[in-house]
Amino acid sequence: MSLRIRPAEPRDIHSMAVLRSHHWENASFWEPRVEHYLFGSHSPQQARPERAAFVAEADVKIVGFVAGHLTNRYQCDGELQWINVAPDHRGRGIAGSLLVAMAGWFKQQNARRICVDVVPENTAARGLYGSHGAIPLNPHWMVWEDITKVTVNSTRPGGAASESEN
Ligand SMILES: CC(C)(COP(=O)(O)OP(=O)(O)OC[C@H]1O[C@@H](n2cnc3c(N)ncnc32)[C@H](O)[C@@H]1OP(=O)(O)O)[C@@H](O)C(=O)NCCC(=O)NCCS
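Okay, so let's go over this structure. (Residues numbered from 1 in each chain as written. Predicted model: local features only at pLDDT ≥ 70, side-chain atom pairs only at ≥ 80, totals over all residues. Heavy atoms only, no water.)

This part takes up helix α2 (residues 27-39). In an α-helix, one turn spans 3.6 residues; hence positions three or four apart end up facing the same way. Compared with an ideal rise of 1.5 Å per residue, which puts 13 residues at 18 Å, α2 spans 18 Å between its outermost C-alpha atoms and is within 8% of the ideal. Looking at the buried side of α2, the elements it contacts are α1 (13-21), β2 (47-58), β3 (61-71) and β4 (78-85). Count one or two residues on from α2 and you reach G40, which has phi positive near 85 degrees. (Helix = DSSP H or I, 4+ residues; strand = E, 2+ residues; numbered from the N terminus. Expected span 1.5 Å × (residues − 1). Contact = heavy atoms within 4.5 Å.)

Attention shifts here to the state of the cysteines. Think of a disulfide as a covalent bridge from one cysteine sulfur atom to another cysteine sulfur atom. The full count for this structure, using the stated rule, is one disulfide. C76 shares a disulfide with C115; S-S distance 1.7 Å. Measuring the twist about the S-S bond at about 55 degrees, one finds the C76-C115 disulfide to be right-handed. One end of the pair, C76, is in the loop between β3 and β4; the other, C115, is in strand β5 (residues 114-117), and 39 residues separate them in sequence. (Disulfide = S-S within 2.5 Å.)

Right, let's talk about the layout of surface pockets for a bit. One water molecule sets the probe size; rolling that probe over the atoms shows where empty space is left. Approximately 1,100 Å³ is the volume found for the largest pocket. If you trace the largest pocket, you find 42 residues lining it, with R20, H23, I83, N122 and Y129 closest to the centre. When residues of the lining of the largest pocket are traced back to their parent elements, those giving at least two are α2, β4, α3 (94-108), β5 and α4 (123-131). Considering every element that reaches the lining of the largest pocket, the biggest residue donor is β4, with seven residues. (1 Å grid on protein atoms, 1.4 Å probe; cavity = no way out; pocket = protein on both sides within 12 Å on 5 of 7 lines; lining within 4 Å. Points joined across faces, edges and corners; volume = space filled by probe spheres on them.)

Next up on the list: the pairing of β3. In terms of burial, β3 is largely enclosed, as 10 of its 11 residues are buried. In this sheet, β3 lies alongside β2 in antiparallel orientation, the contact comprising nine bridges. If you follow F54 over to β3, its bridge partner there is V66. Two successive antiparallel strands, β2 and β3, enclose a turn made up of two residues, where D59 displays a positive phi of approximately 55 degrees. In terms of strand pairing, β3 meets β4 through seven bridges, oriented antiparallel. Counterpart to G68 in the pairing with β4 is L80. Connecting β3 to the antiparallel partner β4 that follows it, the hairpin turn spans six residues, and Y74 within it adopts a positive phi of roughly 50 degrees. (Buried < 20%, exposed > 50% of the residue type's maximum accessible area, 1.4 Å probe, protein only. Pairing = 2+ DSSP bridges.)

This is the structure we're talking about:
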């Protein structure tokens, strides 16, 4: 499988909505929400306008994506909004590679302290964030005190991070 991490484009919105629907609701619920988020016509609480998203492309299929924005929430510089990997592509380091791409974008924005909303039951996501340096902020949030270390410390051999086009 050849994996490429690249910035999301408008043509990816349907695939991104399908990926969200594996986690909750259906694609038609998510499609307008993803579109409005990406184009800035809808923003999460205390979000600033700057935002970015990256997709993971395996051959010609979108198998994962990540999105985030700058924020004033919880005295953070940025917030990780969504990260999703297709169920049949999990456990291969794809989310880790997406996280590295997102961290690279935050770094470009001079955003270091990054928050993420993650329910206590989501052990996969908590494991992912924890293994990349995030710590609990409160029962529903985790934080990277300096997400730029994710780029520096990412050592997964053969990962797609080096192919990132961020
Ligand atoms: C969370 C999610 C994005 C992880 O994607 P993934 O591509 O399988 O993750 P990776 O393979 O990059 O895993 C990286 C690390 O995360 C942790 N991790 C991943 N899945 C895990 C699981 N099921 N249980 C515990 N830890 C897990 C591990 O530390 C793993 O490192 P390792 O493989 O060296 O042990 C994926 O499970 C998913 O899409 N879940 C549904 C959506 C979701 O919950 N999003 C987050 C909302 S806050």
